[in-house]
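# Overview (structure and organization)
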Amino acid sequence: MKNRDLSFWLFLAPVLVAIFIVVIYPLLTGLYYSFTNWDGLRISKFVGFDNYIKLFHDKEFGDAFWFTIKFSIAAIIVINIIGLGLALIVTQHIKSSSFLRTVFFMPNLIGGLILGFIWQFIFTKAFASIGESMGIEGLQGWLSTTETGFWGLVILTSWQMAGYVMIIYIAYLQSVPEELIEAAQIDGANRLQRFRNITVPMIAPAFTVSLFLTLSNSFKMYDQNLSLTNGGPFNSTQMVAMDIVKTAFTENSMAYAQSKAMIFFVTVAAISLLQVYYNKKKEVEL
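Cut-offs applied
Residues numbered from 1 in each chain as written. Predicted model: local features only at pLDDT ≥ 70, side-chain atom pairs only at ≥ 80, totals over all residues. Heavy atoms only, no water. UniProt positions renumbered as here; feature names shortened; annotations may be inferred. Helix = DSSP H or I, 4+ residues; strand = E, 2+ residues; numbered from the N terminus. Polar contact = N/O pair within 3.5 Å; in protein donor to acceptor, adjacent residues only side chain to side chain. Contact = heavy atoms within 4.5 Å. Expected span 1.5 Å × (residues − 1). Bend = angle between axes of the 7 residues up to and from the residue. Buried < 20%, exposed > 50% of the residue type's maximum accessible area, 1.4 Å probe, protein only. Phe/Tyr/Trp six-rings, centres within 6.5 Å; stacked < 30°, edge-to-face > 60°. Salt bridge = Lys/Arg side-chain N within 4 Å of Asp/Glu carboxyl O. Core = buried A, V, L, I, M, F, W, Y, C linked by side-chain atoms within 4.5 Å. Patch = residues over 30% accessible without salt bridge, like charges linked within 9 Å, V, L, I, M, F, W, Y side chains within 5 Å. Areas by Shrake-Rupley, 256 points an atom, 1.4 Å probe, with all protein chains shown as cover.

An unreviewed UniProt entry annotates the chain as Raffinose/stachyose/melibiose transport system permease protein of Peribacillus huizhouensis. According to the UniProt record, the Sequence similarities (unreviewed entry) comment for the chain is "Belongs to the binding-protein-dependent transport system permease family."

This is the structure we're talking about:
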């Protein structure tokens, strides 16, 4: 860094200024507001850790946090399994592979709110009609319970993100040397053995990237949650992002919402960093 000339810092300066204005300054300002009684317009006093103490006794926030964790675990597993499966299908040198890639990726281009309303119609109308005609009670009133609302969110998110994750896996699958696969095949390794012992170690970085993206996206999800279930029934499918927005703009408790956001930020950052560290370590071992 000592050998960098002035031109290097001049080219880097706009990026550093943008990061400070868009990321660092709002973060520090939000941290300060969380220790006050800020109402969105003014601050009348400094309250210290009162907002954080209140936060840890907030049952609704605790329930939303636990629901978000459960949802994220399920969504991460399902999205990555489907994404890897789709990537394996479209890299098999079939004629329609380009068309299939486009079809599988298209749901990711639909906005979260629109996607939520589409799936809300499917769950409440299409599922109900099928359940009524076939006499399956489980398909009727799909979003009316916590459990079905949970799986509805998982299905929606998986349908939207699986194609995006597929692209990441495709990029790494195509970089696996064909010579290694052919050599293993000549040595008598079956398809499962070749996948487990050659393909998986070679695409290990793809797992790191995909898990990071799906983890951060699942934790921060708001628009799909709003349009699909709106937190119902009785806030039982309300995720942390929705709880924070509700606290800020419905209850008009800006400082308290900011303290929730800070705890949420620290949690997501810590989990993401641990996941990346662990996966990078596993990449070396593989």
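This part is about the side chain of Asn 51. Checked against the element boundaries, Asn 51 lands in helix H2 (residues 50-55). Reaching out from Asn 51, the side chain makes a polar contact with the backbone oxygen of Thr 36 at a distance of 3.0 Å. Apart from residues lying up to four places away in sequence, Asn 51 is in contact with Ser 34, Thr 36, Ala 255, Tyr 256 and Ser 259.

Glancing now at helix H5 (residues 112-134). Taking 1.5 Å per residue, 23 residues should reach 33 Å; H5 reaches 31 Å between its end C-alpha atoms and fits that length. At Ile 122, H5 shows its maximal kink, close to 30 degrees. Among all positions of H5, only Gly 112, Leu 115, Gly 116, Trp 119, Phe 123, Phe 127, Ala 128 and Gly 131 are buried. Buried-residue contacts for H5 involve helix H6 (146-173) and helix H10 (223-228). Immediately beyond the C-terminal end of H5, within one or two residues, lies Gly 135, with a positive phi of roughly 70 degrees.

Okay, the UniProt feature "transmembrane region" (unreviewed entry) in the chain next. Under the present numbering, the feature "transmembrane region" (unreviewed entry) in UniProt falls on residues 7-28, 64-90, 102-122, 150-172, 198-219 and 261-278. Counted over residues 198-219, helix gives 95% and strand 0%. Its end C-alpha atoms are 32 Å apart. Note that residues 261-278 is 100% helix and 0% strand, and that its end C-alpha atoms are spaced 26 Å apart.

Turning to the UniProt feature "domain: ABC transmembrane type-1" (unreviewed entry) in the chain, a few remarks are in order. Per the UniProt annotation, the sites labelled "domain: ABC transmembrane type-1" (unreviewed entry) are residues 65-275. Secondary structure over residues 65-275 splits into 77% helix and 0% strand, and the C-alpha atoms at its two ends are 19 Å apart.

For the coordinates displayed, the defined rule picks out 19 aromatic pairs. Ring centres of Phe 35 and Phe 46 lie 6.2 Å apart, and the angle between their planes is 25 degrees; this geometry places the pair in the stacked category. Of this pair, Phe 35 sits in the loop between helix H1 (6-33) and H2 while Phe 46 sits in the loop between H1 and H2, placing them 11 residues apart in sequence. For Phe 35, a relative accessible area of 17% corresponds to the buried category. Owing to a relative accessible area of 55%, Phe 46 belongs among the exposed residues under this scheme.

To continue, consider the pattern of salt bridges. Going through the model one piece at a time under the given rule, you end up with 5 salt bridges. Residue Lys 59 pairs with Asp 63 through a salt bridge whose shortest N-O separation is 2.8 Å. Of this pair, Lys 59 and Asp 63 both sit in helix H3 (residues 59-90), separated by 4 residues, roughly a single helical turn. Measuring nitrogen to oxygen at the nearest pair gives 3.2 Å for the salt bridge that ties Glu 60 to Lys 246. Linking Glu 60 in helix H3 with Lys 246 in helix H11 (residues 240-250), this pair joins segments that are 186 residues apart in sequence. On the basis of relative accessible area, Lys 246 is assigned to the partly exposed category, the value being 22%. Sharing partners across several salt bridges, the network here consists of Asp 58, Asp 243 and Lys 260.

On the secondary structure map, Lys 54 appears in helix H2. Accessibility expressed as a relative area gives 49% for Lys 54, which makes it partly exposed.

Counting 38 residues, the largest nonpolar core has Phe 71, Phe 123, Tyr 169, Ile 203 and Leu 228 as its most contacted members. If you list the elements that add at least two residues to this core, you get H3, H5, H6 and helix H7 (178-186). With near-sequence residues (within four places) excluded, Leu 228 lies in contact with Gly 116, Trp 119, Gln 120, Phe 123, Leu 143, Gly 152, Leu 153 and Leu 156. Residues Leu 55, Phe 61, Phe 219 and Tyr 256 belong to the second largest nonpolar core, which totals 19 residues.

On to a nonpolar patch on the surface, then. A cluster of nonpolar residues, Val 15, Val 17, Ile 19, Phe 20, Ile 21, Val 22, Val 23, Ile 24, Tyr 25, Leu 28 and Leu 31, forms a patch on the protein surface that exposes about 1000 Å² of accessible area. Secondary-structure assignment places Leu 31 in helix H1. The partly exposed category is assigned to Leu 31, whose relative accessible area is 33%.

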